[in-house]
Amino acid sequence: MRRTWPFFCVALLFAAAAVRDGVDQWVDQTELPSLIADTSVEVRDRHGALLRAYTVEDGLWRLGATVDQVDPRFVDVLLAYEDKRFYQHSGVDALALMRAGMQAMWRGEVVSGASTLTMQVARLLENSGTGAWRGKLRQMRLALALERRLSKKDILNLYLVHAPYGGNIEGIRAASIAWFDKEPNRLTPAQIALLVALPQSPNTRRPDRFAGAASEARGRVLQRALAAGVLTEGDVEAALSELLPAKKRVFPSLSPHLADRALDARPDALKHDLTLDAALQDSLEGLAQQTVAGLGHKLSIAMVVADHSTGEILASVGSAQFSGADQRQGFIDMTRAKRSPGSTLKPLIYGLSFDQGLAHPETMIRDAPVRFGAYAPQNFDGEFRGDVRVSEALSQSLNIPVVMLTEALGPANLMAALRRAGLEPKLPGGKAGLAVALGGVGVSLEELVQLYAGLARGGDAVDLRWVGGEEYARNQSVISRSAAWHLGHILSNIAPPPGAPRNRLAYKTGTSYGHRDTWAIGFDGRHVAGVWIGRPDGTPVPGAFGADVAAPVLFDMFQHIKPELDPLGPPPPETILSANAQLPEPLRKFRSRSAVFEAPKDGLTLVFPPDGAQLIDDGDGVTIKFKHGAKPFTVLANGLPIATGVRRREVALPTVGRGASTLTVIDAAGRSDRVTIWLE
């Protein structure tokens, strides 16, 4: 027997080696399931906050996650509760297996499990059960294979992505957002404990349905973490008093239109980093819903906010709600729809006129009936104001002066300026005419905001961008910086809508023909914003005006952007700051380049009282005198007719009331003149 013992030991060693080699071969031949998880596509803001996520094909919320993105205490508590020898074993914990086997033999039932975290990952990868011995054997084999081919960190990363948290929630990031509305890198001990406990029984420990079971499971995790020294007694005491989440949160769905654009641009990318600010986007989407709730049937709204110093879009609201349920056609992104801009192109026309030497803000320009062939533009209110300053013509949004300037500039030059600013205007007839000045062209809200961004930054064009990390340099000047400063100065002096703060926001409103579109675009020293309100199908909205409907929303938008406006800045050194009398003779009064439109020398002229006269109201009324013009005449006071069918050129008017009054004379041909007087 003694002679055979050494041979027996050698044989035993050979047998053990053969078993070891067989096991090694068995493990090495293990066919691994796919280790690449199908994770949700994420759209994130400029700070990395989640704007929107998309479910994977099987309808699951499964967000990518790594150990580096998770609170380190979560991993410590997870290992203390699930697998305290995770860094020592090779996928199967022999000590845990022996302990579980002995406890089962002693008590006649399974008391504790021996599944390691790696075995759990194996089960999750293959979606296999936990009870059958064949399944356990497969998990052990796969766990050993995983440990040979992956690092411990890689295995933890797989668990963080695949762990089940109830319903269609998988992975630590999806669970943290769904239950706590936060990323998992800043969890409290109570939140950590619940997220460690949930995967053990995700459907029976849901805190919104089974609060008692969830609380007990959370408590067990906390106590084991305390025993392992991972959490302190203070951590556990505070965690036990923390309330469980009462409901599962809805996943963020901010800026859905721009998120879809990002996916269309890069359909294979899993991460899309945008320039948006999630907090501002969320507040403006709320403002959009609040606005349309008080508007008429089928009306929609769109908003864009950008930093004009960089061109980065900070918020983009394509509709009040990403839905078609309320008949507002919310799936249509109205920030990109080509619509008539109404009067919003007028500042550009004036800026180009300043640069061409056609006008100065103090230049006098005639607001009187004109005709360009078959085209006879009218002011919105149907009135004529005679000679007005160019700055007044812009601030009052008069139509006739801006059409006269467009005729002098040439519509083609206006279209070229729009293209220099980065716009792609759509011409209904294919050729630009004078009607372009009043909105006879199609542009989008995003393009208008881009145009005004160029005006706000001294006339230099800038491409708006919404993809993070990208830069665009147009390096084109649309108008000079002095012209741009004049425009900002004029627009900032326009009175705000009733109830809005008098903060000198530079802004312009617009209303398209037939009241189909209402606009308001504005800027300060840092930001530019625009709002459109109308019906996506292009049907009219009777009685809707940009100044009444869109302008109040624009001022509300700037209140959401920041508490106070940034100043516009001083005029450039080359800016001409002169009154009309100090201007060069050609700039004192605008004269069209076409003699057809010049006022005739015998045109109707109101000669007394002179414009700006201060008179004493003695009760006998006011006598006015005028020359030229075709009889009969109509006299208006403050827009109301007080004498009609007049055939004399000197008329005694009844008293028109003390204070400022505007007197207007219109002849039979529709020509007019006016003066403003003061009665004391």
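Data block above holds the structure.
Conventions adopted
Residues numbered from 1 in each chain as written. Predicted model: local features only at pLDDT ≥ 70, side-chain atom pairs only at ≥ 80, totals over all residues. Heavy atoms only, no water. Helix = DSSP H or I, 4+ residues; strand = E, 2+ residues; numbered from the N terminus. Buried < 20%, exposed > 50% of the residue type's maximum accessible area, 1.4 Å probe, protein only. Contact = heavy atoms within 4.5 Å. 1 Å grid on protein atoms, 1.4 Å probe; cavity = no way out; pocket = protein on both sides within 12 Å on 5 of 7 lines; lining within 4 Å. Points joined across faces, edges and corners; volume = space filled by probe spheres on them. Nonpolar A, V, L, I, M, F, W, Y, C, P; charged D, E, K, R; others polar. Phe/Tyr/Trp six-rings, centres within 6.5 Å; stacked < 30°, edge-to-face > 60°. Lys NZ or Arg CZ within 6 Å of the ring centre and 35° of its normal. Polar contact = N/O pair within 3.5 Å; in protein donor to acceptor, adjacent residues only side chain to side chain. Salt bridge = Lys/Arg side-chain N within 4 Å of Asp/Glu carboxyl O. Core = buried A, V, L, I, M, F, W, Y, C linked by side-chain atoms within 4.5 Å. Pairing = 2+ DSSP bridges. Axes fitted to C-alpha atoms, helices over the stretch in contact; angles between N-to-C directions. Parallel < 35°, antiparallel > 145°, perpendicular 65-115°, else oblique. Left-handed = near helix turned anticlockwise from the far one by under 90°.

A. Quick look at the overall build of the chain. Each helix and strand in the chain was counted, giving 20 helices and 20 strands. Residues counted as buried form 51% of the 680 residues belonging to the chain. Restricting the contact set of the chain to residue pairs at least 6 apart, pairs at least 24 apart contribute 68%.

B. Looking closely at empty space enclosed by the protein. All told, the structure shown has 1 cavity of 30 Å³ or more when counted by the stated rule. Around the largest cavity, the lining residues are F180, A190, Q191, L194, R218, E242, L243, L244 and P245. Within the lining of the largest cavity, the residues separate by chemical class into 6 nonpolar, 1 polar and 2 charged.

C. How the structure looks around the packing of aromatic side chains. Considering all chains together, one arrives at 6 aromatic pairs under this definition. Relative to F545, the ring of F380 has its centre 5.0 Å away and its plane inclined at 85 degrees; by these criteria the two rings are edge-to-face. Taken as a pair, F380 in the loop between β8 (364–367) and β9 (386–389) and F545 in the loop between β12 (527–534) and α19 (546–561) lie far apart in primary sequence, 165 residues in all. Look at F545 and you get partly exposed, because its relative accessible area is 25%. When the centroid spacing of 5.1 Å and the interplanar angle of 85 degrees are considered together, the rings of Y507 and F555 count as edge-to-face. Here F555 lies in helix α19 and Y507 lies in strand β10 (residues 506–511), a separation of 48 residues in the sequence. According to the relative accessible area criterion, F555 is buried, its value standing at 2%. One cation-aromatic arrangement involves K152 over F86; the distance from NZ or CZ to the ring centre is 4.4 Å.

D. Geometry of the side chain of D83. By the secondary structure assignment, D83 is in the loop between α2 (72–82) and α3 (94–107). A polar atom in the side chain of D83 sits 2.8 Å from the side chain of H89. In this structure D83 touches L78, H89, T116, L117 and T118, once residues within four positions along its chain are discounted.

E. Up close: the pattern of salt bridges. For the structure on display, the rule yields 28 salt bridges. The salt bridge partner of E42 is K271, with a shortest N-O separation of 3.7 Å. Of this pair, E42 sits in strand β1 (residues 41–44) while K271 sits in strand β5 (residues 271–273), placing them 229 residues apart in sequence. You can call E42 buried: its relative accessible area is 0%. Of the charged contacts, one joins E183 and R173 as a salt bridge, the two residues approaching to 2.9 Å between their closest N and O atoms. Placement of the pair is E183 in the loop between α7 (172–180) and α8 (189–197) and R173 in helix α7, with a sequence separation of 10 residues. Its relative accessible area of 22% is what places E183 among the partly exposed residues. Given a relative accessible area of 4%, R173 falls into the buried group. Through salt bridges with shared partners, a single ionic network connects E42, R173, E183 and K271.

F. Main features of the nonpolar core. Formed by 113 residues in total, the largest nonpolar core has its most connected members in M303 and V531. If you tally residues by element for this core, the top one is α19, at 9 residues. The residues touching V531, leaving out its near neighbours within four places in the chain, are I301, A302, M303, L445, T518, W519, A520, I521, A550, V553, L554 and M557. In terms of nonpolar packing, the next biggest core, distinct from the first, is built from 55 residues, V75, L78, L146 and V221 among them.

G. Examining the sheet that holds strand β20 (residues 672–679) more closely. Pairing within the open sheet is mixed, and its 5 strands lie in the order β14-β20-β19-β16-β17. Edge positions in the sheet fall to β14 (614–615) and β17 (640–646), since each has one partner strand and no second. Examined bridge by bridge, strand β16 (residues 633–637) and β17 share 4 bridges and lie antiparallel to one another. The residue of β17 that forms the bridge with V635 is A643.

H. Focus on helix α15 (residues 399–409). With 10 of 11 residues buried, α15 lies mostly within the body of the structure. Among the residues of α15, N399, I400, P401, V402, V403, M404, L405, T406, A408 and L409 are the ones counted as buried. In the core, the buried residues of α15 are packed alongside α13 (346–355), β8, α14 (390–395) and α16 (411–420). Just downstream of α15 lies G410, where phi reads positive at about 100 degrees.

I. Inspection of the sheet that holds β12 at higher detail. One open sheet holds the 5 strands; their spatial order is β7-β6-β12-β11-β10, and the pairing between them is antiparallel. Sheet topology places β7 (312–317) and β10 at the edges, where each strand pairs with a single neighbour. Within the sheet, the average angular offset between the axes of one strand and its neighbour, ignoring direction, is 10 degrees. In terms of strand pairing, strand β6 (residues 300–307) meets β7 through 5 bridges, oriented antiparallel. Residue pairing for β7: A306 is matched across the bridge by I313.

J. Region of the structure containing the side chain of T518. Note that T518 resides in strand β11 (residues 517–523). One polar contact links the side chain of T518 to the main-chain carbonyl oxygen of I533, over a distance of 2.8 Å. Each residue touching T518, except ones within four places of it in the same chain, is listed here: G510, V531, W532, I533, A544, F545, G546, V549 and A550.

K. How the structure looks around the environment of N580. Following the sequence through the fold, N580 ends up in the loop between α19 and α20 (585–588). Excluding residues within four positions of it along the chain, N580 makes contact with E362, T363, M364 and R588. There is a polar contact of 2.8 Å between the side chain of N580 and the backbone oxygen of E362.

L. Expanded view of the environment of S397. Following the sequence through the fold, S397 ends up in the loop between α14 and α15. When the C-alpha atoms of S397 and F380 are compared, they prove to be 8.8 Å apart, with 17 residues separating the residues in sequence.

M. Structural context of the packing of α13 against helix α18 (residues 481–492). Between α13 and α18, the shortest axis-to-axis distance is 9 Å and the interhelical angle comes to 135 degrees. If you check the angle between α13 and α18, you find them oblique. When the axes of α13 and α18 are compared, the crossing they make is right-handed. For the pair α13 and α18, contact is made by P347, Y350, G351, F354 and D355 and by A483, H486, L487, I490 and L491, respectively. When the residues that make up the contact of α13 with α18 are grouped by side-chain class, the tally is 7 nonpolar, 2 polar and 1 charged.

N. Seen up close, unusual backbone geometry. Following F608, the chain continues to P609 via a peptide bond in cis, the omega torsion being 0 degrees. With respect to the helices, strands and loops of the structure, P609 is situated in the loop between β13 (605–608) and β14. The omega torsion across K631 and P632 is -5 degrees, close enough to zero to call that bond cis. With respect to the helices, strands and loops of the structure, P632 is situated in the loop between β15 (622–627) and β16. Of note in this structure, S255 is not a glycine but carries a positive phi near 45 degrees. Mapped onto the fold, S255 is located in the loop between α10 (233–240) and α11 (256–265). Judged by its relative accessible area of 1%, S255 falls in the buried class. For H628, which is not glycine, the phi dihedral falls at a positive 65 degrees. Inspection of the secondary structure puts H628 in the loop between β15 and β16.

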